[in-house]
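# Descriptive structure summary
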Amino acid sequence: MKEQEGFIPYAGYQTYYRIAGECTDGRLPLLVLHGGPGAAHYYLQTLDGIAERYGRAVIYYDQLGCGRSVTPPLPELWSCEFFLDELQVVRDALGLDRVHILGQSWGGMLAMMYALQHPSGLASMVVASSPASMDLWLHEALRLRSYLPKPMQDALAQADRDGDYERPEVKEASAEYYRRHVSLIPEQDRPDNLHSPAPDPVGDECYHLMQGMSEFTVTGKLKGWDISDRLCQIDTPTLVTSGAADECTPLIAKQVADGIPGARWELFPDGTHWVHGEQPERYNATVEKFLEEHE
């Protein structure tokens, strides 16, 4: 499979991109927006299977401040608007006049905000395990936490109160929540190409600034973020995907699917937030079928 990588100037820094494969038979490229904010693109590279099997270029990039888009902390720059501008800069620099977009988690939030701008050449959008309302996301996270054993619930709640997330009981409870709802396969047990090769403290800082310190409290710039009443303005063909055990619960995914006119929703049994990595062949085939319908 042909691969290409490079850097695009943005805001005085360099945004890293990677292109897997090439487009054949009139297919349009798929531009992938990672989660976090600050999570980098590595965990999404199971989507390389779309390039390998179906002859479609899959393009990833690391948003400034994480992965290979190295910067110092940028607290005054990091914002929804900053990352939306970066997305357009990437499109322009790579000549993506017509393109499909897939956004996972925070990346799907970014994709929906982008679609609300009605950009030219956006052929379709896949919203993968993403909310339209942070208040609903938080409500559902707290509900899922309530199903953990009581000592684990208490440990996580206490950490959000005192800020000590390093206690062994907090780490144990977090790991159990992640196993149930975020990924059946711990990051350290994934193949090398599907996780960051080194700790990413600036990426973590971006997450803390935008979201907060944990899954169960939103204290950052995304606090109160809500576009649920604007979803009806999106006119981009949309596929919503999520897992049945996802922290993006069926209630969250349904709000998005119901709100975007004509949106289709695929719920993957037994999948978590990393369902694209847990069920890659089925996931990639589902996405590819949708993309082919909207070339």
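For the structure itself, consult the block above.
Just so it is clear, the model here is predicted, and its values are computed rather than measured. (Residues numbered from 1 in each chain as written. Predicted model: local features only at pLDDT ≥ 70, side-chain atom pairs only at ≥ 80, totals over all residues. Heavy atoms only, no water.)

### Section: the environment of V275
- Examined against the element boundaries, V275 turns out to sit in helix α9 (residues 275-278).
- Through-space distance from the C-alpha of V275 to that of S129 is 8.9 Å; in sequence the pair is 146 residues apart.
- Non-local contacts of V275, meaning those with residues more than four positions away in its chain, are made with S242, G243, F268 and Y283. (Helix = DSSP H or I, 4+ residues; strand = E, 2+ residues; numbered from the N terminus. Contact = heavy atoms within 4.5 Å.)

### A few points about the sheet that holds strand β3 (residues 30-33)
- Strand order in this open sheet of 8 strands is β1-β2-β4-β3-β5-β6-β7-β8, and the pairing throughout is mixed. Every interior strand has two partners, whereas the edge strands, β1 (3-10) and β8 (264-268), have only one. Neighbour-to-neighbour, the strand axes of this sheet turn through a mean angle of 20 degrees, independent of strand direction.
- With 6 bridges connecting them, strand β5 (residues 99-104) and strand β6 (residues 122-128) associate as parallel partners. Bridge assignment links L102 to a residue of β6, and that residue is V126.
- Along the sheet, helix α2 (residues 80-93) makes contact with β1, β2 (13-20), β3, β4 (58-61), β5 and β6, crossing β1 at roughly 125 degrees. (Pairing = 2+ DSSP bridges. Axes fitted to C-alpha atoms, helices over the stretch in contact; angles between N-to-C directions.)

### Some words on the side chain of S214
- Relative to the assigned elements, S214 resides in the loop between α7 (201-210) and β7 (238-243).
- A distance of 2.7 Å separates polar atoms of two side chains, one belonging to S214 and the other to D160.
- A polar side-chain atom of S214 sits 3.1 Å from the main-chain amide nitrogen of F216.
- When residues no more than four places from it in sequence are discounted, the contact partners of S214 are D160, Y165 and Y207. (Polar contact = N/O pair within 3.5 Å; in protein donor to acceptor, adjacent residues only side chain to side chain.)

Nothing here speaks to function; it is geometry throughout.
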